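Below, each chain spelled out in residue letters.
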Amino acid sequence: VYIFTATSQRCDYDHMDKSEAAGLYKLIEAKSKQVDELMKRSNTLQTELAQVQKLQSERRPEDKCEALKVEVAGLQTEVTRLQTEGAKSATTAGPPVPQAMSAEATFIAQNCGPFSLPVYKHTSKRPLHLVFLTNPVPFANGGQISETLWVRDVVLHKLQRPVVIHYPPEEQKHDYHVSDCLIVTLFLKRIIWIEKARAKGHTNLGVYHMGDEKMEHPTDFIPKFDYVLRNYYSKPLQKAYPNVHWVPSGTKSGLGNHQMFTPSTLPLASQRIHLCNFLGSLRSNRQAVLNMLEQRGIRCYTNVNKWEGKGARDPIIYRFALEQSKFTLCPWGNNPETMRLYEALETGSIPVSQKWKDADFDPLVALGPGHPLPVL
């Protein structure tokens, strides 16, 4: 409006003829409309930017939506230029007004690509001390725990606190105590450790209870800990002790999706070489399963070995075998829960499990009645 009024007064003073004035009026009117459109677009983008910032606060505060901010700044610069130039421009055609994009679409385009993953920031700087009182190196390398990376990178993935790793020497492990700690141990007498820790005044103590697949471990230590994370599902134990929480036995180090890579790299079922596989030791009814496959002429990729023996496949080769198989057979071992179940899921192979005789100890029951896994 300011440009139109000022130019109209100038036209009167210069005594322009009607045709020239009419042409100039049309030019001014066109430029004014263009400025109005750009102003509307700028206001719309400002509103969308506010909505995107709201989405950021609700979903991913770390995303900046820089492209949208640049677009808003560019339109504001264009508005200023047109206002300055006014009717001096020689043409009526201005730069195209960008098409509007909804805040939701902008947010998705900027932040929700196929490889985006949520980033969990610390909500507390108070660390959790993850103390391995059993050698955390896999058996094949002289250690005693196969699931070290599963515990560290998967079970504690969303803790949102720093995790400090400790693995004291053998001669110190019975007397190695610190508050805010989760101990991981297979063979240590847990009752002795917790009593010593309490005597020293330590608090917030948890234990990762491993290796009790036969349900034979003593339970006297359980009420003395603040919380117990336990492999091998036991409904009676959880009912008796509210501080017991079942966690899946998980995958061996080197087999799982510990770094949260995108599963889009896994081959489709139609592209896999093997119909099924079984790689492991012959415990429980596993020999009967293999005999049944042979009797029915079902070709399955197999590698039988002693548990953690020299004939066991390297984790990388084992993982490749699972990735090349449509199905992975998961017969019982010492317990209905087997790491093979989770390793198959991580590699996109469908695990085939057996129904356990007692639902109170069946991990598939713990997954809920709607799980899609095939059970025989």
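Refer to the structure presented above.
Calculation criteria
- Residues numbered from 1 in each chain as written.
- Predicted model: local features only at pLDDT ≥ 70, side-chain atom pairs only at ≥ 80, totals over all residues.
- Heavy atoms only, no water.
- Salt bridge = Lys/Arg side-chain N within 4 Å of Asp/Glu carboxyl O.
- Buried < 20%, exposed > 50% of the residue type's maximum accessible area, 1.4 Å probe, protein only.
- Helix = DSSP H or I, 4+ residues; strand = E, 2+ residues; numbered from the N terminus.
- Contact = heavy atoms within 4.5 Å.
- Core = buried A, V, L, I, M, F, W, Y, C linked by side-chain atoms within 4.5 Å.
- Pairing = 2+ DSSP bridges.
- Axes fitted to C-alpha atoms, helices over the stretch in contact; angles between N-to-C directions.

Undergrad: Would you explain the pattern of salt bridges in this entry?
TA: Side-chain pairs of opposite charge can arise whenever the charged atoms involved come near each other. Within this structure, the stated rule accounts for 8 salt bridges. For Arg-152, the salt bridge is made with Asp-153, and the minimal N-O distance between the two is 3.9 Å.

Undergrad: Mind showing me how you'd approach helix α5 (residues 148-155) here?
TA: Structural remark: α-helix, 3.6 residues per turn; residues separated by three or four positions point the same way. Buried residues of α5: Thr-148, Trp-150, Val-151 and Asp-153, and no others. Elements in contact with the buried residues of α5: β1 (128-132), β3 (181-185), β4 (205-209) and α10 (339-346).

Undergrad: Sorry, what's going on with the nonpolar core here?
TA: In a soluble, globular protein the nonpolar side chains are often hidden away together inside. Ile-183, Trp-193, Leu-205 and Phe-225 are the most contacted members of the largest nonpolar core, which totals 17 residues. If you list the elements that add at least two residues to this core, you get β3, α6 (190-199) and β4. Of the residues forming this core, the biggest block, 4 residues, is contributed by α6. Sequence-distant contacts of Ile-183, defined by excluding residues within four places in its chain, comprise Val-131, Leu-133, Trp-193, Gly-206, Val-207, Tyr-208 and Phe-225. Ranked by size, the runner-up nonpolar core spans 16 residues in total, among them Phe-132, Val-163, Tyr-208 and Leu-229.

Undergrad: How do you make sense of the sheet that holds strand β8 (residues 301-304) when you look at a structure like this?
TA: Paired through backbone hydrogen bonds, the strands of a sheet run either parallel or antiparallel to each other. Taken in spatial order, the 4 strands make up an open sheet running β8-β7-β9-β10, and their pairing is parallel. At either margin of the open sheet sits one strand with a lone partner, and together these are β8 and β10 (350-353). In this sheet, adjacent strand axes meet at a mean angle of 25° when their direction is disregarded. Where helix α9 (residues 315-323) meets the sheet, it contacts β7 (274-280), β8 and β9 (325-330), and its direction lies at approximately 150° from that of β7. This element, α10, spans β7, β9 and β10 of the sheet and lies at about 165° to β9.

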